Amino acid sequence: MKIIVVGAGIGGLFAGITLREAGFDVEVYERYPQPQPVGAGLTLWANALKIFRRYGMLDRVLAEAGTFDYSEFRTAAGRTLARVSLDQLVQRYGLPTICLHRHLVSDTLLDRFGTAGLHLGKELVAVEDGGDHVAARFADGETVTADVLIGADGIHSVVRGALFPAMAPRYDGQTVWRGMVSADDVPATSFVAFGRGSRAGWSPMGRGKVYWFGARFQPAGAPDRHGSIHRDLLAEFGHWAKPLGRLIESTPEQAIVRGDVYAVPRLPSWTAGRVALLGDAAHGMAPHVAQGACLAVEDAAVLALRLAAAPTPEDGLRRYSEERRARVGAVLDEADAIGRLAAMNGPVSSRLRNMALRLTPSNMLIAGFARPAGYEVTE
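Everything numeric in this text was worked out from a predicted model, so none of it was measured. (Residues numbered from 1 in each chain as written. Predicted model: local features only at pLDDT ≥ 70, side-chain atom pairs only at ≥ 80, totals over all residues. Heavy atoms only, no water.)

Looking now at the packing of aromatic side chains. In the structure shown here, the tally under the stated rule is 9 aromatic pairs. Ring geometry for Phe-191 against Trp-202: centres 4.1 Å apart, planes inclined by 70°, an arrangement best described as edge-to-face. Linking Phe-191 in strand E14 (residues 189-194) with Trp-202 in strand E15 (residues 198-204), this pair joins segments that are 11 residues apart in sequence. No difference in accessibility class separates Phe-191 from Trp-202, as the two residues are buried. Consider the rings of Phe-237 and Trp-240, whose centres lie 4.9 Å apart with planes at 80°: the pair is edge-to-face. You'll find Phe-237 and Trp-240 in the same group, each marked buried. Across from the ring centre of Tyr-32, 5.2 Å away, lies the NZ or CZ of Arg-31, which sits over that ring. A cation over a ring is seen here: Lys-50 above Tyr-93, with NZ or CZ 4.6 Å from the ring centre. (Phe/Tyr/Trp six-rings, centres within 6.5 Å; stacked < 30°, edge-to-face > 60°. Helix = DSSP H or I, 4+ residues; strand = E, 2+ residues; numbered from the N terminus. Buried < 20%, exposed > 50% of the residue type's maximum accessible area, 1.4 Å probe, protein only. Lys NZ or Arg CZ within 6 Å of the ring centre and 35° of its normal.)

Dropping the structure here:
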């Protein structure tokens, strides 16, 4: 069976690897001349690391990453509301929680997939399902046919637009700034602090770096309030819990990634005939639970298993869609709940949120981390 994967991001490359391992003939098509790992830091939980281990890539990822022993929730002023030991997750699953640069994950996957079957600078413009085959038409005029096509082409997916033209991504209401910077005293704790309609935090990365982010609920495309990204961020977050202001100030402005956050509506299906969606193309979400890349990795593993075991491509894709929509739906529910907490901007609602976090037992908080992290891909 020949399979086309559109998109060479983390989900698309991982799908290329898992499908090839399952015995399929796989070709990956990427619109850019080189893969573009968007963003800065990337968090990988045990659910994703289990799959990296399954496909022989765990050691390289761990060697490049930073790990953190605790996760904290704080107020903007730096008061600790809750501190959760992630060692409990290590004891349960035998794997840490890590943070590393996206391009290091991308490089690992590119090296594993190789250059054979990877086509760069190929922008998809149309998809046609011919019943017993599917055709992909590219901007350069080439048309490629295959038995199955997988759309892993991101949140603004051309493939999703062909399957579900009314399900365009919607603005989530927030802008996020991301950066990473070298630090002499890399913290061993990941933290998130909540303000009024804003939040910020950091995570330790490998190679002596720290990943930080700031987020604010505001209209899409809102201009910088103080004339530049640096001045805007320092005015908003510079006085928050130390060393956040120092991390922002030490990051060159041109290295700060700014983006309005969009999310994909919950789709009625991830497949139609011999075409299916994967990763952000299927379930792009706001980064409230730091599971976006992990879910894409899960998608890739389940897709290969279900296609390999199915009597027909349509049946395999249908089973994949049903299984993954249920799993991702549960994670989306948690992300939506955290998003509502983060969006609170009133003086009373913000204080009530902080009080609720302070009074939540640590075993309930660790259970919230364990629900997505404990997922196992089954044969």
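Let's shift gears to the pairing of E14. For E14, the buried fraction is high: 5 of the 6 residues fall into the buried class. Inspection of the sheet shows strand E5 (residues 70-75) paired to E14 by 6 bridges, in the parallel sense. Looking at E14, one finds that Glu-72 is bridged to Phe-191. Here E14 folds back onto E15 in antiparallel fashion, the turn holding 3 residues, of which Gly-197 has a positive phi close to 75°. (Pairing = 2+ DSSP bridges.)

Bringing the sheet that holds strand E10 (residues 134-138) into the picture now. In space, the 3 strands of this open sheet follow the order E9-E10-E11, with antiparallel pairing throughout. Sheet topology places strand E9 (124-129) and strand E11 (143-146) at the edges, where each strand pairs with a single neighbour. Between one strand axis and the next, the sheet turns by 20° as a mean value, whatever way the strands run. As paired strands, E9 and E10 are joined by 5 bridges and run antiparallel to one another. Across the sheet, the residue bridging to Asp-129 is Val-134, located in E10. (Axes fitted to C-alpha atoms, helices over the stretch in contact; angles between N-to-C directions.)

What follows covers the sheet that holds strand E6 (residues 80-85). The strand order E6-E5-E14-E15-E16-E13-E17 describes an open sheet built from 7 strands, whose pairing is mixed. Looking at which strands have only one partner, the edges of the open sheet turn out to be E6 and strand E17 (257-263). Going across the sheet, the axis of each strand differs from the next one's by a mean of 15°, ignoring polarity. Sitting on the sheet, helix H11 (residues 313-343) is in contact with E14, E15 and strand E16 (209-217), with an inclination near 75° to E16. Its contacts with the sheet put helix H12 (residues 347-359) on E5, E6 and E14, and the angle it makes with E6 is roughly 35°. (Contact = heavy atoms within 4.5 Å.)

This part covers the environment of Ile-10. Mapped onto the elements, Ile-10 comes out in helix H1 (residues 10-21). In this structure the C-alpha to C-alpha distance between Ile-10 and Ala-152, which are 142 residues apart in sequence, comes to 8.9 Å. Residue contacts for Ile-10: discarding those within four places in its chain leaves Leu-42, Arg-102, Val-105, Leu-109, Ala-293 and Val-297.

Let us look at the environment of Thr-189. Following the sequence through the fold, Thr-189 ends up in strand E14. When the C-alpha atoms of Thr-189 and Asp-69 are compared, they prove to be 6.0 Å apart, with 120 residues separating the residues in sequence. Setting aside anything within four residues of it in sequence, one finds Thr-189 in contact with Phe-68, Tyr-70, Glu-72, Arg-83, Trp-202 and Pro-204.

Below, the discussion takes up the pattern of salt bridges. In total, this model carries 23 salt bridges according to the counting rule given. Measuring nitrogen to oxygen at the nearest pair gives 2.6 Å for the salt bridge that ties Glu-64 to Arg-207. With a gap of 143 residues between them, Glu-64 in helix H3 (residues 58-64) and Arg-207 in the loop between E15 and E16 connect regions that are remote in the sequence. Here Asp-299 makes a salt bridge to Arg-324, at a shortest N to O gap of 2.6 Å. In this pair, Asp-299 is assigned in helix H10 (residues 292-309) and Arg-324 in helix H11, connecting sequence segments 25 residues apart. No difference in accessibility class separates Asp-299 from Arg-324, as the two residues are buried. What you see here is one network of salt bridges that share partners, running through Arg-216, Arg-225, Asp-232 and Glu-236. (Salt bridge = Lys/Arg side-chain N within 4 Å of Asp/Glu carboxyl O.)

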